[in-house]
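An overview of the molecular structure
Each chain, letter by letter, is given below.
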Amino acid sequence: MELLHKIFIAFTQTVLDVAPIIILLVFFHYIVLRKPIRNLKRVLVGLGYIITGLALFLVGLEQALFPLGEVMAKQLTDPSFIGGNITGTLSWQDYYWVYLFAAAIGFSTTIAEPSLIAVAMKASEISGGAVSTWGLRLAVATGVAASIALGAFRIITGTPLHIYMIVGYLIVIAQTFFAPKWLVPLAYDSGGVTTSTVTVPLVTALGLGLASTVPGRSVLIDGFGLIALASLFPMITVMGYAQLSEWLAGKQNEDTNKNKKGG
Amino acid sequence: MFRYLLDSLRDLAPIILVIAFFQIVVLQQPFPYPEKILIGLAAVVVGLALFIQGLNLSLFPVGEGMAEAFARKGSVFWLILFAFSLGFGTTVAEPALIAVSAEAAKVTASAGLIANSQDALNSYATGLRYTVAISVGLSLIVGVIRILKGWPVQYLIIGGYIVIVILTQFAPREIIGVAYDSGGVTTSTITVPLVTALGIGLSTVIQGRNPMVDGFGLIALASLFPIGFVLIYGMIM
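The structure displayed is predicted, hence computed values, not measured ones.

A separate point is the overall build of chain A. Per the secondary structure count, chain A includes 11 helices and zero strands. Helices (α) and strands (β) of chain A occur, in sequence order from the N terminus, as α-α-α-α-α-α-α-α-α-α-α. Its C-alpha atoms put chain A at 75 × 75 × 30 Å along the principal axes. By residue count, 51% of the 263 residues in chain A fall in the buried class. Within chain A, residue pairs in contact and separated by at least 24 positions form 77% of the contacts whose partners lie at least 6 positions apart.

Written out as structure tokens, the structure reads:
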């Protein structure tokens, strides 16, 4: 019964979230464009799927994954779990389980992120398969994994966020000049889509857990910043992935050319 | 439908494995309330499958259809108004943004930059929320104009980075983390597919535009603008 109640609340919340978008679409379609929505019945069924799907998704996450993940983040960052050396002081190397957890949770939540699935589907369709759905998703997930682990390191060592961001920007700018031009806009977009429904709550819990247990950190100042890094790194890995596959393809062509000449 | 379920089970497998590994191997603890977890997981799998199917039935075709209709109507004014309302409307009520702005108000109050009273906190948080929502609206206007004109997105993004780096030097230290994070939280699960469809739809219909090169980039701008605007908000307040 309690579960049904929660689903009902989540359903109402999702309807409220979607309502402004529906009002906007209806207004522009019927008042401004004066054109009925094509396949209205199909669209309505689809909207029903989206709202129900999102509500179930959120309730399920709150029931099953978020409480566990949050407790886990707290336990892993607890100084009594981390131990440390004889003098009782902790150095940044003692947090190895935290880095591993940060990377693993960043990777796995990104694979499950619905908005990334949506963009990957579109990208694969538009590029005629040149960008594979899984290639993009894995590249983005790798980027998020690296960023959350680095973000954990940043909180533990207390280094300022903007230095990481500025270095990241410089790498992105440098890569932009060398990456295949047609992929750059998609790579930029993949930075923004990574952090939503699944990733944000778990990553925030990790950040707050770290900032509240590491001595000398303030939850309010150091707890922020993980999301920012997670929106930056996927650009680097997606462009890197494109550069790597282009380089591999080029090498393969060279090889086949050589073979042709040889034969 | 069965295929969608299978897909979403596979999408969620990594997260289940990660949680199970850390719970059993690293922390060496049993799962509390296992039946609740199983029911929750089932809901997540079914929910994701429904959502993806719903995207293909509604948000994708509607977004592309609208882009096409706007291009045929040929009215830049209405297109720009649509872009702004889409960005503003979907952001202002975003739960993640409401949470972040409340948190940001506390940070600022603790630093003594604003009064630590409920009124001051609320008005600061609301102001921040509207700042972010307006900046997302503006970013979509810039993004749409960019598609119409065929400007390469990288110049806008790199220019934006430079502005942000300069602003960072002058913004109060407490606001920097919040500002950089606000870029990531604005793009929600429903906004992303719609905005993507809008960009791709526009660049497919307009002659001389390539959907791959010109269609993407709206989300990137929508994640960049809020950073700059929140930094400025932090300096003014």
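The next thing to look at is the interface of chain B and chain A. Where interface size is given, it is often the accessible area lost as the parts come together that is meant. Each partner contributes residues to the interface: chain B has 97 residues there, and chain A has 93 residues. Here chain B and chain A share three salt bridges between them. For Lys122(A), the salt bridge identified is with Glu64(B), shortest N-O distance 2.7 Å. There are 10 residue pairs in polar contact (both at pLDDT 80 or more) connecting chain B and chain A. A class-by-class count of the residues in the side of chain B that touches chain A yields 63 nonpolar, 23 polar and 11 charged.

Turning next to helix H10 (residues 218-236) of chain B. Taking 1.5 Å per residue as the helical rise, H10(B) with its 19 residues ought to reach 27 Å, and the 27 Å between its terminal C-alpha atoms agrees with that figure. Among the 19 residues in H10(B), 14 count as buried, and that is most of the element.

Here the structure, examined in full by the defined rule, presents eight salt bridges over all chains. With a shortest N-O distance of 3.6 Å, Asp7(B) and Arg10(B) are connected by a salt bridge. Of this pair, Asp7(B) and Arg10(B) both sit in helix H1 (residues 2-26), three residues apart, which is roughly one turn of the helix. Looking at Arg10(B), the relative accessible area reads 40%, which means it is partly exposed. Arg10(B) serves as the salt-bridge partner of Asp11(B), at 3.9 Å between the closest nitrogen and oxygen. Salt bridges here are not isolated pairs; linked through shared partners, they connect Arg137(A), Arg3(B), Asp7(B), Arg10(B) and Asp11(B).

Although it is not a glycine, Arg34(A) sits at a positive phi angle of roughly 50°. Residue placement: Arg34(A) occurs in the loop between helix H1 (2-32) and helix H2 (40-77). One non-glycine residue, Gln28(B), lies in the positive phi region at around 50°.

As enumerated under the stated definition, the model contains 17 aromatic pairs over all chains in all. A ring pair is formed by Phe28(A) and Trp78(B), whose centres lie 6.3 Å apart and whose planes are at 80°; its orientation type is edge-to-face. Remark: Trp78(B) occurs in helix H3 (residues 76-92) and Phe28(A) occurs in helix H1; the pair is interchain, linking two chains. For Phe28(A), a relative accessible area of 2% puts it in the buried group. For Trp78(B), a relative accessible area of 28% puts it in the partly exposed group. Each ring, one from Tyr169(A) and one from Tyr161(B), has its centre 3.8 Å from the other, and the planes form 15°; the classification is stacked. With Tyr169(A) in helix H7 (residues 161-178) and Tyr161(B) in helix H6 (residues 153-170), this residue pair bridges two chains.

Each pair of packed helices can be described by the angle between their axes along with the distance between the axes. Taken N-terminus to C-terminus, the directions of H7(A) and H6(B) make an angle of 160°; their axes are 11 Å apart at the nearest point. With respect to H6(B), the axis of H7(A) lies roughly antiparallel. The element H7(A) and its partner H6(B) pack so that their crossing is left-handed. Listed contacts from H6(B) to His162(A), Ile166(A), Tyr169(A), Val172(A), Ile173(A) and Thr176(A) of H7(A) are Gln154(B), Ile158(B), Tyr161(B), Ile164(B), Val165(B), Thr168(B) and Gln169(B). Looking at side-chain class alone, the contact of H7(A) with H6(B) contains eight nonpolar, five polar and no charged residues.

So, on to the domain arrangement of chain A. By the assigned domains, chain A splits into domain 1 (1-64) and domain 2 (77-262). Here the C-alpha centre of domain 2 of chain A lies 31 Å away from the C-alpha centre of domain 1 of chain A.

We now examine the confidence of the model for chain B. Residues and elements named next belong to chain B. With 100% of its residues at a pLDDT of at least 70, chain B reaches an overall mean of 88. Across chain B, the secondary-structure element scoring lowest on mean pLDDT is helix H4 (residues 95-110), at 79, and the one scoring highest is H6, at 93. The ipTM, which scores confidence in the relative placement of chains, is 0.88 for this predicted complex, and the corresponding pTM is 0.89.

Here we come to the confidence of the model for chain A. Overall, the prediction assigns chain A a mean pLDDT of 85, with 93% of residues at 70 or greater. Mean pLDDT per element in chain A: helix H10 (residues 219-222) of chain A is the minimum at 73, and helix H6 (residues 133-157) of chain A is the maximum at 93.

We now examine the nonpolar core. Tyr188(A), Phe82(B), Tyr161(B), Tyr180(B) and Leu231(B) are the most contacted members of the largest nonpolar core, which has 157 residues in total. Broken down by element, this core gets its largest block of residues, 16 residues, from helix H2 (residues 34-73) of chain B. Counting residues domain by domain, this core receives three or more from each of domain 1 (1-64) and domain 2 (77-262) of chain A. Setting aside chain neighbours within four positions, we find Tyr180(B) in contact with Leu161(A), His162(A), Met165(A), Tyr169(A), Ala228(A), Ile164(B), Thr168(B) and Ile227(B).

Residue class for Tyr169(A) comes out buried when judged on its relative accessible area of 4%. On a C-alpha basis, the gap between Tyr169(A) and Met235(A) in space is 9.7 Å, while along the polypeptide they are 66 residues apart. In contact with Tyr169(A), not counting residues within four places along its chain, are Leu232(A), Tyr161(B), Ile164(B), Val165(B), Tyr180(B) and Ile227(B).

For the rest of this paragraph, the subject is the environment of Met165(A). Along the chain, Met165(A) falls in helix H7. Overall, the relative accessible area of 2% leaves Met165(A) in the buried class. Considering only alpha carbons, one finds Met165(A) and Phe233(A), 68 residues apart in sequence, at a separation of 9.5 Å. Every residue in contact with Met165(A), bar those within four places of it in the chain, is listed here: Ala228(A), Leu229(A), Leu232(A) and Tyr180(B).

The rules behind these values
- Residues numbered from 1 in each chain as written.
- Chains lettered and ligands numbered in written order.
- Predicted model: local features only at pLDDT ≥ 70, side-chain atom pairs only at ≥ 80, totals over all residues.
- Heavy atoms only, no water.
- Helix = DSSP H or I, 4+ residues; strand = E, 2+ residues; numbered from the N terminus.
- Buried < 20%, exposed > 50% of the residue type's maximum accessible area, 1.4 Å probe, protein only.
- Contact = heavy atoms within 4.5 Å.
- Salt bridge = Lys/Arg side-chain N within 4 Å of Asp/Glu carboxyl O.
- Polar contact = N/O pair within 3.5 Å; in protein donor to acceptor, adjacent residues only side chain to side chain.
- Nonpolar A, V, L, I, M, F, W, Y, C, P; charged D, E, K, R; others polar.
- Expected span 1.5 Å × (residues − 1).
- Phe/Tyr/Trp six-rings, centres within 6.5 Å; stacked < 30°, edge-to-face > 60°.
- Axes fitted to C-alpha atoms, helices over the stretch in contact; angles between N-to-C directions.
- Parallel < 35°, antiparallel > 145°, perpendicular 65-115°, else oblique.
- Left-handed = near helix turned anticlockwise from the far one by under 90°.
- Domains from an automatic or database assignment.
- pLDDT = per-residue confidence, 0-100.
- Core = buried A, V, L, I, M, F, W, Y, C linked by side-chain atoms within 4.5 Å.

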